[in-house]
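# Structure at a glance
Chain by chain, the residues:
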Amino acid sequence: MQLYSGPVRRVRAFATLISEKIMAADWLGCLVSINCGPTLGMYQGEVSSVDQSSQTISLRQPFHNGVKCPVPEVTFSAIDIKELKILEIKNGSVKNTPTASAKVSRTPVAVPKSDARGAEKMNSPQQYSRSFGERQLDALGQPKGFRRRHNSWSSSSRGANQMTPKKNGVKNGQMKQRDDECFGDGVDDGLDTDFDFEGNLALFDKAAVFSEIDTSEQRNGARSRGTPQEQTPLRYRHDENILEAKPVVYRQIVVPQAGGKEYCTDSGLVVPSVSYELHKRLLSVAERHGLTLERRLEMTGVCASQMALTLLGGPNRFTPKNLHQRPTVALLCGPHVQGAQGISCGRHLANHEVEVILFLPNFVKMLDSVTNELTLFNKTDGKQVSSIKDLPDTPVDLIINCLDCHENTFLMDQPWYRAAADWANQNRAPVLSLDPPVSGQGHAVEAKWSLSLCLPLALGEGAGRVYLCDIGFPRQVFQEVGIKYLSPFGCKFVIPLHSA
C-alpha cells in the first residue's frame, strides 16, 4: 500500500479508492489503521462503509490508541486523516488488480516523529494482531497455517526500529516454530476486555461505608476514629495492649488493718504495708500449713542472692573472661532469724563464685536455724570472721546488713553491733538490708536498698529503696489472716516498690 504525507495525502487517500474504478463495497471488511494526528490519535478497525460523495469512511468496532472505543462505529472525514494504512484485506473482498496489490505493499512506512511512539504501539502485533487479526480469522474459519503466515507478515511489517534480526540454520528455525506455536494461538479473548476502573469506583460509596463502620463501633462500645481534632493522642508502650478490655483494678491487695504506709509497683498495683503483729500471724499460719522456717530461709536466701548478683553487675560482670575480678561481699549477721537468712544468702553467693566474707560473733548458744545455715556455709569457699579487725580495710563491692532483729532491740547496745555498724558506715560500699525492722526502731546502718518478705512493713527513710520478694505463700494463707491477696509479682520473684 502506498501512503502519502502532507495536505495532498488527505485527498489522495480517498481519491485512490474512487479513481481506480473499484467499488466502495469491495473495501468493506478490511482492517485499516488511520492516523489522525497528535490531537485525535490513532484508530484501527474494520471498514463498515465508504461514502464517495461526502469523502468519509466508517470503522466498525474501532480501537483508539490501542483501547476499544465505547461506541460501535466511528466515521472519519478526509480532512482529518493524515495517514491511512490497510492492515489486512478481507479474503476475496478486493479483486486481484495491480492497484490492489500496490495498496497492500509490505514496504515499511515512515511514521512522523511526533507520532512515532503512538505508531509503535498501534503497529505492534502484541497490541493489535490478536485484537483484530486473530478474532477476524477465527470468525472466518481460517486454518492455522494462515494464522502463522499472518503473524510472520505482521512481524515483517514493523518499523525500522522494531526489525528483529533474522536467524539462520535449522536450530533457529526450530526455535521460531516453537515461538509461533507458543505465542501465535490460544490467547484468551477475555484479555482484550479492559477493566472499567472509573465505573467500578463510582459504585463505591465511601461516605456511606465509613458511616456504617462508625455506627457499628459506637454500638459495640469501641473507640470511634473521629476527626483528627476529636482524637485523643495516646502513646502506648511496646508491651501494652491497645485493645480495650475490662477495667484494671490496681488495688488487688486489701489488708484488715492498715500498716501506716502504702507502696506501688512499676505497673501501678497498690501494695499496702502490714503491721509486725499481722506479719507474725501470717508466718504462723504458713508454718502450720507446712512452710517451715527452713523452707522460708532457703527461699529468702535465693531471692536475696539473686538481687545481690544483679546489684553486683549481673551478666555483664559474671562472665568466664572476668574470673580475675571476682566481686567481694561482706555479710554482717546477728544470732537471730534475720542472721540465718543472711547466711543462706551468703551460701548462694559463694556458689556463684562471689568472694563472701561472713561476720558473725562467737556466741555460746545460737538458734538451731543459724547453726544449720552456718554448717552449710562452711562447706563453700566463703570466709567466716568473728572480729571486726578481720574485715577488709578497703571498700568491698556490696555489704549485706542482717544485724537487726524485729523483736530484740537491745542488740543495738552491744559492742559488736556498734563496731559492725561503724565499719559498714565507714567502708563507703553500698548496703543492702535484708528484712529490716519497722521504722520506729531506727537504723544504725544507712542502707541504699532494703528487701522485705511477702508483704512490706512500714519502713523509714533510712531503709533506702524498698524491694519485695516472693517466698511462696499460697493465697489461702493470706485469706486465713483476713488479707485479700492477688500476687503483684507477675513473672518475677523480686520487684521494686515505690512510695504511693
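An unreviewed UniProt entry lists the chain under the name Enhancer of mRNA-decapping protein 3, with Oryzias javanicus as the source organism. Check the Subcellular location (unreviewed entry) section of the UniProt entry for the chain; it says "Cytoplasm, P-body". As its UniProt record puts it under Sequence similarities (unreviewed entry), the chain is described as follows: "Belongs to the EDC3 family."

### Here's the deal with the overall build of the chain
Along the chain, the regular secondary structure elements total 15 helices and 17 strands. Sorting the 500 residues of the chain into buried and exposed places 41% on the buried side. Taking all contacts inside the chain whose residues are at least 6 apart in sequence as the whole, residues at least 24 apart take part in 62%. Of the roughly 29,200 Å² that the chain leaves accessible, carbon and sulfur atoms contribute 53%.

### Let's talk about the pairing of strand S12 (residues 398-402)
With 5 of its 5 residues buried, S12 lies for the most part within the structure. In S12, alternate side chains face the same way, and those of Leu 398, Ile 400 and Cys 402 on one face and Ile 399 and Asn 401 on the other are all buried. Bridge count between strand S9 (residues 328-333) and S12: 5 bridges; the pairing is parallel. Within S12, the position partnered with Cys 333 by the bridge is Cys 402. As paired elements, S12 and strand S13 (residues 431-434) share 3 bridges and run parallel to each other. From the neighbouring strand, Ile 400 faces S13, where its bridge partner is Leu 432.

### Here we look at the side chain of Ser 33
Examined against the element boundaries, Ser 33 turns out to sit in strand S1 (residues 31-35). We classify Ser 33 as buried; its relative accessible area is 4%. Ignoring any residue separated from it by four or fewer positions in sequence, one finds Ser 33 in contact with Met 42, Tyr 43, Gln 44, Glu 83, Leu 84, Lys 85 and Leu 87.

About the thresholds
Residues numbered from 1 in each chain as written. Predicted model: local features only at pLDDT ≥ 70, side-chain atom pairs only at ≥ 80, totals over all residues. Heavy atoms only, no water. UniProt positions renumbered as here; feature names shortened; annotations may be inferred. Helix = DSSP H or I, 4+ residues; strand = E, 2+ residues; numbered from the N terminus. Buried < 20%, exposed > 50% of the residue type's maximum accessible area, 1.4 Å probe, protein only. Contact = heavy atoms within 4.5 Å. Areas by Shrake-Rupley, 256 points an atom, 1.4 Å probe, with all protein chains shown as cover. Pairing = 2+ DSSP bridges.

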